[in-house]
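The primary structure of each chain is shown beneath.
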Amino acid sequence: MEASSAGSSISAVTGGKAKPHQPVAKDVNIFFDELEGVNSPSKDDDSLLHHGNLTSTSDDASRLEVVGEEVPDKNKANGLYFRDGKCRIDYILVYRKSNPQTEKREVFERNIRAEGLQMEKESSLTNSDIIFVKLHAPWEVLGKYAELMNVRMPFRPFNPFTAGAPCILVRCCFLNGHFIEINGRSRRSRRKIYYLHRRYKFMNRIEKQISRFRGWLPRKPMKLDKETLPDLEENDCYTAPFSQQRIHHFIIHNKDTFFNNATRSRIVHHILQRVKYEEGKNKIGLNRLLSNGSYEAAFPLHEGSYRSKNSIKTHGAENHRHLLYECWASWGVWYKYQPLDLVRRYFGEKIGLYFAWLGWYTGMLFPAAFIGLFVFLYGVTTLSHCQVSKEVCQATDIIMCPICDKYCPFMRLSDSCVYAKVTHLFDNGATVFFAVFMAVWATVFLEFWKRRRAVIAYDWDLIDWEEEEEEIRPQFEAKYSKKERMNPISGKPEPYQAFADKCSRLIVSASGIFFMICVVIAAVFGIVIYRVVTVSTFAAFKWALIRNNSQVATTGTAVCINFCIIMLLNVLYEKVALFLTNLEQPRTESEWENSFTLKMFLFQFVNLNSSTFYIAFFLGRFTGHPGAYLRLINRWRLEECHPSGCLIDLCMQMGIIMVLKQTWNNFMELGYPLIQNWWTRRKLRQEYGTQRKTSFPQWEKDYNLQPMNAYGLFDEYLEMILQFGFTTIFVAAFPLAPLLALLNNIIEIRLDAYKFVTQWRRPLASRAKDIGIWYGILEGIGILSVITNAFVIAVTSDFIPRLVYAYKYGPCAGQGEAGQKCMVGYVNASLSVFLVSDFENRSEPTSNGSEFSGSPLKYCRYRDYRDPPHSPVPYGYTLQFWHVLAARLAFIIVFEHLVFCIKHLISYLIPDLPKDLRDRMRREKYLIQEMMYEAELERLQKERKERKKNGKSYHNEWP
């Protein structure tokens, strides 16, 4: 139902003209009398809870009737109501009596009462200086602001086919079934089932065998058990923006539960943001009082404890928080689908969309992880048939030149046999296919997420929801209050920022971003110097294990140090991004969030991936050759790749960074709040004992929990977006990245759920239509991944040199074949010869290589395509080098254009809206028009009957 159509359809139901409006309270009482005997579940009932559980802290009206006078006493004890046990607490404000901002608080609270909110104060049981202000919104206030905020609520749709008889719920269907396509749970259309006759006995037997096999398996193991946990999804109804004038059209069984707790808190927060605390145009809103310290905290309450002494399967859920813990945040349901409708009901649409996106991303990782594991296993199975690794392992007579100055010894090529085999596990014939697959996968993931988001937006009534015009940030008002101009939309004067001032601030901010990127490059440069210096140190180490694996030890320690630098710089980047964003003076909160998000992502992305880019595209590319090495500051020789290639270094970099980063993030997300909350509980136990702690009211328990991050869901999204970058950008070098991401995300969903339900205060429910600026960032990463994977395959891996050798220089040259038999002699062809006597003095090794043949070495080999020392142009590039270079450039161009064409074709072929959803939306619009037509027709017929009754008649009347 569209908002505009809903309003017009409701007005059509009431006759299309303004009738004498009766007092709202009278209409409500009459409506309650009519529904007194109705027991059908509705959207405002807590139908998710078992009605037999009398110990629940839910607001179910039927339980209040059963328990009678005992409920107010129970409500007083559970800490969710005022002292009278009837008024539910919708919001909590916390301040300290010792705070000097008393006058502002008094004015603010007086204005709160003037808005109609009820207030009650209580001091803390643990600290008499802390005061809790409990707020309750009566029905009249909720109705008034729900209408102003266009809160959509379930209403009784007019049935044009049954002479206007209303229906209690849309899902109950109308009598003749005309509305059957828009009915049902979560507004999902009924599927048509066609029964076909089986023509073949053979197929009949196969189907019987399959059905018998399915009987042994658990039925739909990933879906939540609806028998033990019934009604996990809301019974969605036809909704429309709330209107007090047409209140009789809305499904109201109980005024206290018509607006759920999340909606009530959102309405109260909306009021608090518009209440003044001092005289003046800018002295308004709760956020300013929180920033200046007048109030210490502000939050809605959790709906009781998330634990229960009784089993949820036998006694039902105590409350929605308990239900979320059992069917979502518990580790025992890690393989189950998420109850997104329940998450949205408790935490709001914005958080619900985050978990919907995270679940969708995790589900889409399954095919990527499977293909990546297949590529790895393909490398394992073909390892024994790999001609290149065989030649490396058997090359005992090929002596390689030292990889560093002086202390690095000569080494046999066969010593790198293990590294050659490990490289084949990641760099094999399936790598190119996997890179193309992941580029296509990223596009399919984003396109199908758009479709999934559209379905969620439809089910959650977000299709026609538009963010109300945002308020100007207080900082912007304070800075530019002297200059004003008329707002073209509202027609009211507002602060104005001059174009020159805005440009100058953006230039300074961009300079700050550039400077911080230079800091990252300097950090990477420091890591490079560390690698260059320590490789010689490890080569001269007294331990044989480190001395023989000096390059691996250098890479491993450099990655660990790089990780520590990344984590330290992240703290600095957050402060710099906050400073630069405030320096820009964004006009609204959404502009501030988008600017801050873009800066933080840019900083974190560059910080996390700069060293990876260095290893992938620069390590060993500009080192020169023996006898003429390129050096940093004419001192340090640049680091070379291992004799088996640079891909092993890139794999180590990605594996270590990815594992350490995800482990650290999970600890900071859950471990840190757990430790803080444990320490708080420990202090309370020591001071007041265990029994006293369990008797604390709910507001006291929630106050002792950790507040949600100041930036909302920013950290959660940032972690997943950076992981998405790791999964796609260098996936050609590390096919197991999707598998690691999948395992992490399975844990991440339950960690985040556990954190939201048990460790954090309840966040304010807020609405959103999509994931915001993050979608554009994901698209940018998808485009970048195509380019980087093309360069990884062409430059970092040996795929192109092997292909050129097989078709041009190998035994199968000119035959159009490229099998393993065509790779015979590849290793020898990829190594050049160097005359040991041509070494520079500062790079000449201390050993003369006599331990290999009993006499000093005359020649050694190195990875490059250069002429031998006795050629007319010593150490000049060979023709094979230019062939390989041309093939690499051609591959990059062809790969990029091919993949981009596939991506755009997929984007074009996959519509943003599923066909069934588009049909449902069109069907609803058609039905709304029919409803309006029938309502107008009935009104005209009634007017005609009244005229006839009064003796008045007109000719040519219609109908």
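Scoring rules and cut-offs
Residues numbered from 1 in each chain as written. Predicted model: local features only at pLDDT ≥ 70, side-chain atom pairs only at ≥ 80, totals over all residues. Heavy atoms only, no water. Core = buried A, V, L, I, M, F, W, Y, C linked by side-chain atoms within 4.5 Å. Buried < 20%, exposed > 50% of the residue type's maximum accessible area, 1.4 Å probe, protein only. Helix = DSSP H or I, 4+ residues; strand = E, 2+ residues; numbered from the N terminus. Contact = heavy atoms within 4.5 Å. Pairing = 2+ DSSP bridges. Axes fitted to C-alpha atoms, helices over the stretch in contact; angles between N-to-C directions.

### So, the nonpolar core
For soluble globular proteins, the rule of thumb is that nonpolar side chains tend to be buried together.
So, step 1. Counting residues in hydrophobic clusters, the biggest one holds 157 residues, and the most contacted among them are Phe347, Trp357, Tyr361, Trp441 and Phe895.
So, step 2. Residue contributions to this core peak at 15 residues, all from helix H14 (residues 349–381).
So, step 3. If near-sequence neighbours (up to four positions away) are discounted, Trp441 is found in contact with Tyr361, Met364, Leu365, Pro367, Ala368, Phe724 and Thr728.
So, step 4. Phe250, Phe259, Ile271 and Leu272 belong to the second-largest nonpolar core, a separate cluster that totals 36 residues.

### Details of the sheet that holds strand E6 (residues 297–299)
In sheet architecture, strand pairing relies on hydrogen bonds along the backbone and comes in two forms, parallel and antiparallel.
So, step 1. With antiparallel pairing, four strands are arranged side by side in an open sheet as E2-E3-E1-E6. Among the strands making up the open sheet, the edge pair consists of strand E2 (118–123) and E6. Strand-to-strand twist across the sheet, computed as the mean angle between neighbouring axes with direction ignored, equals 20°.
So, step 2. Across the sheet, helix H5 (residues 102–114) is in contact with strand E1 (91–96), E2 and strand E3 (130–136); its angle to E1 comes to roughly 160°.
So, step 3. Sheet contacts for helix H9 (residues 261–272): E1 and E3; angle to E1, the most-contacted strand, approximately 50°.

### Focus: the pairing of E3
So, step 1. Of all seven residues that make up E3, seven are buried, and the element is covered over most of its length.
So, step 2. Burial of the side chains of E3 extends over both faces: Ile130, Phe132, Lys134 and His136 are buried on one face and Ile131, Val133 and Leu135 on the other.
So, step 3. Judged from the six bridges that link them, E1 and E3 form a sheet pairing that is antiparallel. Bridge pairing links Ile92 to Lys134 in E3.
So, step 4. By the bridge criterion, six bridges tie E2 to E3 in an arrangement that is antiparallel. Bridge pairing in E3 places Gln118 opposite His136.
So, step 5. Between E2 and E3, which follow one another and run antiparallel, lie six residues.

### A few points about the environment of Lys769
So, step 1. Within the element layout of this structure, Lys769 appears in the loop between helix H26 (737–759) and helix H27 (773–796).
So, step 2. For the pair formed by Lys769 and Glu349, sequence separation is 420 residues and the distance between their alpha carbons is 7.9 Å.

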